[in-house]
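# Observations on chain architecture
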Amino acid sequence: MPEHPADPHTDNIIECDDIVVRFGEQVVLDHLTLNVKRGERLVILGGSGAGKSTLLNLMSGQTRSTSGVMRIDGKNICAMSDAELDEYRKTIGVLFQSGALFQSMTVGDNVALPLRMHTDLDEDTIGTIVKMKLELVGLREHAGKLPSEISGGMQKRAGLARALAMDPKVIYYDEPSAGLDPVSVTQVDELMIGLNETLGVTTVIITHEMVSAFRVAQRLVLMDQGKFVADGTPEEMRNSEDPLVYQFVNGESDGPLSDRRSSDDYTQSLLS
Ligand SMILES: Nc1ncnc2c1ncn2[C@@H]1O[C@H](COP(=O)(O)OP(=O)(O)OP(=O)(O)O)[C@@H](O)[C@H]1O
Ligand SMILES: [Mg+2]
C-alpha cells in the first residue's frame, strides 16, 4: 500500500484502523479502531487478558499485527521493515509493567543506555542529559545507586527517566502504579501529568487503578475481549449507564463481566 506522507495538520498522532492480532486460533485484538490526539493523555482500561498489553506492544513497535493499519505520525508502522521499526522505537518511550531496569547498572547508566546505543553524543553531553532526565523524575541524587538500592516507586521513576532519555513524542506506560504504595502512585500520576503538560508528550497509559485512571485521564477507553466497548471523558465514564462500564469502574463483582466468565463454556471445557 502506498505511504501517505505525514500531514502536519492532522490532530491525530496515533491512528489504529481495523487492527487484528491473532495468536494461533485466539483473536486477541478484534478489529480495533482508535485515534489518539497529539498531546492527549489517554487511559486504556480493561480486565486481565482483554488485550491491553498486546495493543501497547503493537503501538510501541515490539510486535506486529495480523492485519490492519497503525499510523504513527502518518506512517504505517505495520508495514515497516525491522530497520524502520528500530528507527521508530527511538522516537517513543515505553515504561514496561516491570520497570525493566538493568540490575547490574547504576540508575544513571540505565538512563544513559539508550543514548549510548542510539546516538553519537559524547560522554559529557550524555552525562548532562542524564542529570536533566533524573531531575525531571526527582532522582538526580540517586544516579550512582543500583536499582536494588532504591525503592520500587523510585525504580518506576528511574524507568521513566530512561524512557524520556531520547525526548520521545509518545510515551506508553503499562501499569505504572502496579505494586506501589498510595503515595508513590500519586507521585507517579503527578509525574505523568506533569511530563505531558510541560513537554507536550502524547501519553498512553494502561492501568487497573481506578483512582489513578480518573486522576490522569483526559479520555478513557475500555477494552473487553479484544474490542473497545466504551470511550469517553472521565465524567462520561463515571456517569455511564452501560452495565459493563459501570461494573468495571465501580469494581462490582456482579455484572456482565462476571456473568460471562461463569457461563463461559465451563461445562463443555470440563467434559472435553
Ligand atoms: N505472545 C503471545 N502468544 C500467545 N498468546 C498471547 C501472547 N501475548 C498475549 N497473549 C494472549 O493474549 C491475551 C491478551 O493478553 P494481554 O497481555 O494483552 O492482556 P492484558 O489486557 O494486558 O492483561 P493484564 O491486565 O493481565 O496485563 C491473553 O489471553 C494472552 O494469553
Ligand atoms: Mg497487561
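Analysis parameters
- Residues numbered from 1 in each chain as written.
- Chains lettered and ligands numbered in written order.
- Predicted model: local features only at pLDDT ≥ 70, side-chain atom pairs only at ≥ 80, totals over all residues.
- Heavy atoms only, no water.
- Helix = DSSP H or I, 4+ residues; strand = E, 2+ residues; numbered from the N terminus.
- Contact = heavy atoms within 4.5 Å.
- Areas by Shrake-Rupley, 256 points an atom, 1.4 Å probe, with all protein chains shown as cover.
- Lys, Arg positive; Asp, Glu negative; His and termini not counted.
- Charge placed at Lys NZ, Arg CZ, Asp CG, Glu CD.
- Pairing = 2+ DSSP bridges.
- Axes fitted to C-alpha atoms, helices over the stretch in contact; angles between N-to-C directions.
- Near = heavy atom within 4 Å.
- Polar contact = N/O pair within 3.5 Å; in protein donor to acceptor, adjacent residues only side chain to side chain.
- Nonpolar A, V, L, I, M, F, W, Y, C, P; charged D, E, K, R; others polar.
- Expected span 1.5 Å × (residues − 1).
- Buried < 20%, exposed > 50% of the residue type's maximum accessible area, 1.4 Å probe, protein only.

Identification of the protein as Putative ABC transporter ATP-binding protein from Phycisphaera mikurensis is taken from an unreviewed UniProt entry.

## Focus on the overall build of the protein
Along the protein, the regular secondary structure elements total 11 helices and 10 strands. Taking as baseline every contact in the protein between residues at least 6 positions apart, the subset at least 24 positions apart corresponds to 65%. With the model as given, the accessible surface of the protein reaches about 13,700 Å², and the carbon-plus-sulfur share is 51%. Of the charged side chains in the protein, 25 are positive and 41 negative; the average position of the first set lies 4 Å away from that of the second.

## Thoughts on the sheet that holds strand β2 (residues 26-37)
Across the sheet, four strands lie side by side as β2-β1-β4-β5; this open sheet has antiparallel pairing. With partners counted over all chains shown, the strands left at the sheet margins are β2 and β5 (75-76), one partner each. When strand β4 (residues 67-72) meets β5, the two strands line up antiparallel, connected through two bridges. The partner of Ile72 across the bridge, within β5, is Lys75.

## Digging into the sheet that holds strand β9 (residues 219-224)
Across the sheet, which stays open at both edges, the six strands sit in the order β6-β7-β8-β3-β9-β10 with mixed pairing between neighbours. Looking along the sheet, the strands with just one partner apiece sit at the ends: β6 (92-95) and β10 (227-232). In this sheet, adjacent strand axes meet at a mean angle of 15 degrees when their direction is disregarded. Bridge analysis of β9 against β10 gives five bridges, and the strand direction is antiparallel.

## Digging into the site of ligand 1
Among the 14 residues in the neighbourhood of ligand 1, the closest are listed as Gln26, Ser48, Gly49, Lys52 and Thr54. For ligand 1, an oxygen atom lies 2.7 Å from a polar atom in the side chain of Lys52. Between ligand 1 and His208, the relevant distance is 3.2 Å, taken from an oxygen atom to a side-chain nitrogen or oxygen of the residue. Elements represented by at least two residues in the shell around ligand 1 include exactly β2 and α1 (52-59). If one sorts the elements of the shell around ligand 1 by residue count, α1 sits on top with three residues. Class assignment for the residues of the shell around ligand 1 results in three nonpolar, nine polar and two charged.

## Let's talk about helix α6 (residues 182-199)
For α6, which comprises 18 residues, the first-to-last C-alpha distance of 25 Å matches the rise-based estimate of 26 Å (1.5 Å per residue) to within 8%. Those residues of α6 not exposed but buried are Ser184, Val185, Val188, Asp189, Leu191, Met192, Ile193, Leu195 and Asn196. Where α6 is buried, its residues meet β3 (41-46), α4 (123-136), α5 (152-164), β7 (170-174), β8 (202-206) and α7 (210-216). Where α6 begins, one side-chain oxygen reaches toward the backbone nitrogen of Val183, 2.9 Å away; that side chain belongs to Asp181.

## Considering unusual backbone geometry
Residues other than glycine seldom take positive phi values, yet His31 does so here, at roughly 60 degrees. Structurally, His31 can be placed in strand β2. Residue Asp167 is not a glycine yet carries a positive backbone phi of 50 degrees. The exposure class assigned to Asp167 is exposed, which follows from its relative accessible area of 57%.

## Considerations on α5
Taking 1.5 Å per residue as the helical rise, α5 with its 13 residues ought to reach 18 Å, and the 18 Å between its terminal C-alpha atoms agrees with that figure. With 11 of 13 residues buried, α5 is to be regarded as a mostly interior element. Listed as buried for α5 are Gly153, Met154, Lys156, Arg157, Ala158, Gly159, Leu160, Ala161, Arg162, Ala163 and Leu164. Where α5 is buried, its residues touch β6, α3 (107-118), α4, β7 and α6.

## Considering the pairing of β2
The pairing of strand β1 (residues 12-23) with β2 spans nine bridges and is classified as antiparallel. What sits directly across from Ile19, in β2, is Leu32. Connecting β1 to the antiparallel partner β2 that follows it, the hairpin turn spans two residues, and Gly24 within it adopts a positive phi of roughly 60 degrees.

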